[in-house]
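Working through the structure, step by step
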Amino acid sequence: MIAEALPDLADETLFPRFSEKKLHWLGKRGERRSYAAGDVLYEQGQRDAPFHVLVSGSAELVDHRPGKEVLVARADARTFLGDIAIFTGEPTISAAVAAEPTETITVERPKLRAMLAEWPELGEFVLRTMMARRSWHEREGHGMRLIASRSSRRAFEVRDLLERNLLPVRWYDVDRDPESQKMLDWLGLTRDQTPVLVRNDAVLPNPSAAQVARTLGLRAEVDGERFDLVVMGAGPAGLAAAVYGGSEGLRTFVAEAWAPGGQAGTSTRIENYLGFPSGISGTELARKATLQARRFDAVFSSFHSVVELAHGPDGLVRLDLDDGQHVLARSVVVATGARWRTLDAEGVERFTGAGVYHAAMATDVARCRGEDVIVVGGGNSAGQAAVQLSRVARSVRMVIRGEGLAATMSRYLVDRIEHARSMEVLTEHEVVGIHGDELVEEVSLRDRRDGSVRRVGATAVFVMIGAEPCVEAVRGMLGLDEAGYVLCGKRAADCASPLRWPLGDRDPHLLETVRPGVFAAGDVRGDASKRVAGAVGDGALAVRFAHQVLDA
């Protein structure tokens, strides 16, 4: 067995010790188990692995990789095993094996949430450690492995799906990483068969995002179930609704078309969000909010779209899902957000995922080290991406159609861009072409003032030029404004027939749509603030109104 750089057992963040009081409390709620040296406490890739507290002895965490086994960590008495996979029920990153005779207090996962809710201080203690361990796993490159060319759009979609669903994955570039060829040789595969996703010792050659979602069980099995609250979308608004709905006792289901976080989940750094003076990444915010909602028993289902709303039995709303399942809801929060607009330029579709991106994810930013990149757009998302990229790229050009940034971007971002040496802002310009062989090599820019076109070198283009509402599932049942956003409150009350507010004894609540009990929150609703904090406020407020409707 190969040992890598192991975390320090004296690290109180990664290996906190339970006090006698906590061990006694856990011992009355868990099951005492004994293991001999070499016994497996849980397997790698196991779903719903139990929560193990080591009373005595020690355990090793082992990563089964193609052709080798790697020791990634050790744990000894008075601490516990696992990271957030134990809490969420997702596949475990590594196997846990007793290194010597070991005794544990074991709690099966369904009971874990209730137990942590019973003692909130213990819950905070455990969850903080779980999140720290997951971050350590990601930094060290443990988890799934994706072997692919940098130009593979299919691989980009798989990686994006995994990362956005908080599942660690490491990309092995077949063009640059010598270990990738060693792995292919051991697997008996060739470069032509990439992308290849390796999960433990299971191999998925050339997988689609849909295949990965099915294999990993990202979709929940909920057909025909009834919920107090169904949330469509897991961006900031949807996550807030899930947290507040679950915490207030509503049986809550969250259906998300791709992954938790929405557009905000792709933001490299959100610096104007209340309570985080040094900023917080979109990924971190999404992870914490998702864990928080799951702590209150909200049911999450990723890669799972609501395709239609309809009238259900007993006055309930029926929501049909894209795999043929359906759920019934007493109240609904539509938080489907908005999707990025695509750039109308030659070569965009060809290079999407292979040099053209709509989000500056950490992996994409790292690939731009020492290279020339272009950011298209003048809003906050574009500014945040540009600032982050400027720390690693040789040069960053911001291309905007307008005359400046001040009208569309927060002042703190404008100041940073103006003072960054590696950045150039090209006003009144637009991208009209993207060129290259397998990867982006050059970009054609047109000066809108005189129509002249020039080519500049670039290896990546980040397109952030606004968004349009995702309303396909509610079109025909909810009222929309001229731009396609959902009408709420007084505007819903004034909506013309046939989508007329049906109740004469009360007006719709502030976020309520033309359908009583159906609310809209975040970027999908008309007059939204288009800010993360505003979306979170919408989600919380929608649940308050939902309570009022349900109580009535």
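Described in the following lines is the structure provided in the data block. Per chain, the residues get numbers from 1 upward, laid out in the order the sequence is written. Selection of residues for local features in this predicted model requires a pLDDT of at least 70, selection of side-chain atom pairs for listing and counting requires 80 or more, and totals for whole chains, interfaces and linings are taken over all residues. Water and hydrogen atoms play no part in the side-chain values, which are based on all heavy atoms of the structure.

1. Let's talk about the sheet that holds strand S27 (residues 460-463)
Here, a strand pair is defined by DSSP locating no fewer than two bridges between the strands. Numbering goes from the N terminus for both helices and strands, where a helix is a DSSP run of H or I of at least four residues and a strand is a run of E of at least two. The strand order across the open sheet formed by five strands is S20-S27-S21-S22-S23, and the pairing between neighbours is parallel. The open sheet has two free edges, formed respectively by strand S20 (356-357) and strand S23 (423-426), since each of these has just one partner strand. Looking at chain direction, strand S21 (residues 372-376) and strand S22 (residues 395-399) are connected through five bridges and run parallel. Note that in S22 the partner of valine 375 across the bridge is methionine 398. Those strands touched by helix H12 (residues 380-390) are S21, S22, S23 and S27, and its axis lies near 165° from that of S22. Contacts between residues were defined by any pair of non-hydrogen atoms, one from each residue, lying within 4.5 Å. The axes are straight lines fitted to the C-alpha atoms, using for helices just the contacting stretch, and the angles between their N-to-C directions are given from 0 to 180°.

2. A short note on the layout of surface pockets
Leftover empty space is mapped by rolling, across the atoms, a probe with the size of a water molecule. Each cavity reported here is a set of points on a 1 Å grid over the protein atoms alone in which a 1.4 Å probe fits but cannot get out, each pocket an open set with protein on both sides within 12 Å along at least five of seven lines, and each lining residue one with an atom within 4 Å of a point. Grid points are joined across faces, edges and corners, and a volume is the space filled by probe spheres set on the points. As a volume, the second largest pocket reaches approximately 1,200 Å³. Lining the second largest pocket are 37 residues, and of these Glu138, Arg139, Glu163, Ala362 and Thr363 sit closest to its centre. The set of elements that each furnish at least two residues to the lining of the second largest pocket consists of helix H4 (120-140), helix H5 (153-164), strand S10 (169-173), helix H9 (282-295) and helix H11 (362-367).

3. Side note on the packing of H12 against helix H13 (residues 411-419)
Contact pair H12 / H13: the axes reach a minimum separation of 10 Å and the direction vectors enclose 35°. Crossing angle aside, the handedness with which H12 passes H13 is left-handed. Between H12 and H13, the contacting residues are Asn380, Gly383, Gln384 and Val387 on the first element and Tyr412, Leu413, Arg416 and Ile417 on the second. In the scheme used here, Gly and all other residues not listed as nonpolar or charged are polar, with Ala, Val, Leu, Ile, Met, Phe, Trp, Tyr, Cys and Pro taken as nonpolar and Asp, Glu, Lys and Arg as charged. Here the contact of H12 with H13 is built from residues that sort into four nonpolar, three polar and one charged. Each crossing gets its handedness from the near helix: less than a right angle anticlockwise from the far helix is left-handed, clockwise is right-handed.

4. A look at the nonpolar core
We define the nonpolar core as a collection of buried residues of types Ala, Val, Leu, Ile, Met, Phe, Trp, Tyr and Cys that are connected through side-chain atoms lying within 4.5 Å of one another. Burial status follows relative accessibility: with a 1.4 Å probe on protein chains alone, a residue under 20% of its type maximum counts as buried, one over 50% as exposed, and anything between as partly exposed. Counting residues in hydrophobic clusters, the biggest one holds 40 residues, and the most contacted among them are Phe18, Phe51, Leu81, Leu122, Val126 and Met130. Looking at this core element by element, the count peaks at seven residues for H4. Among the nonpolar cores identified, the runner-up in size contains 30 residues, and Ala220, Leu319, Ala329 and Val518 belong to it.

5. What about the pattern of salt bridges?
Opposite charge on two side chains lets them pair, provided their charged atoms get close. A pairing counts as a salt bridge when a side-chain nitrogen of Lys or Arg comes within 4 Å of a carboxyl oxygen of Asp or Glu. Under the defined criterion, the tally for this structure stands at 43 salt bridges. Connected through shared salt-bridge partners, Arg159, Glu163, Asp364 and Arg367 make up one network.

6. Concerning the packing of aromatic side chains
Each Phe, Tyr or Trp ring, with Trp reduced to its six-membered ring, pairs with another whose centre is within 6.5 Å; inter-plane angles below 30 degrees give stacked pairs, above 60 give edge-to-face pairs, and intermediate values give tilted ones. Summed over all chains, the structure comprises nine aromatic pairs. Ring geometry for phenylalanine 51 against phenylalanine 80: centres 5.2 Å apart, planes inclined by 40°, an arrangement best described as tilted. In this pair, phenylalanine 51 sits in strand S4 (residues 51-56) while phenylalanine 80 sits in the loop between strand S6 (68-76) and helix H2 (84-88), placing the two residues 29 residues apart along the sequence. The class of phenylalanine 51 is buried, set by a relative accessible area of 1%. Ring centres of tyrosine 357 and phenylalanine 462 lie 5.4 Å apart, and the angle between their planes is 35°; this geometry places the pair in the tilted category.

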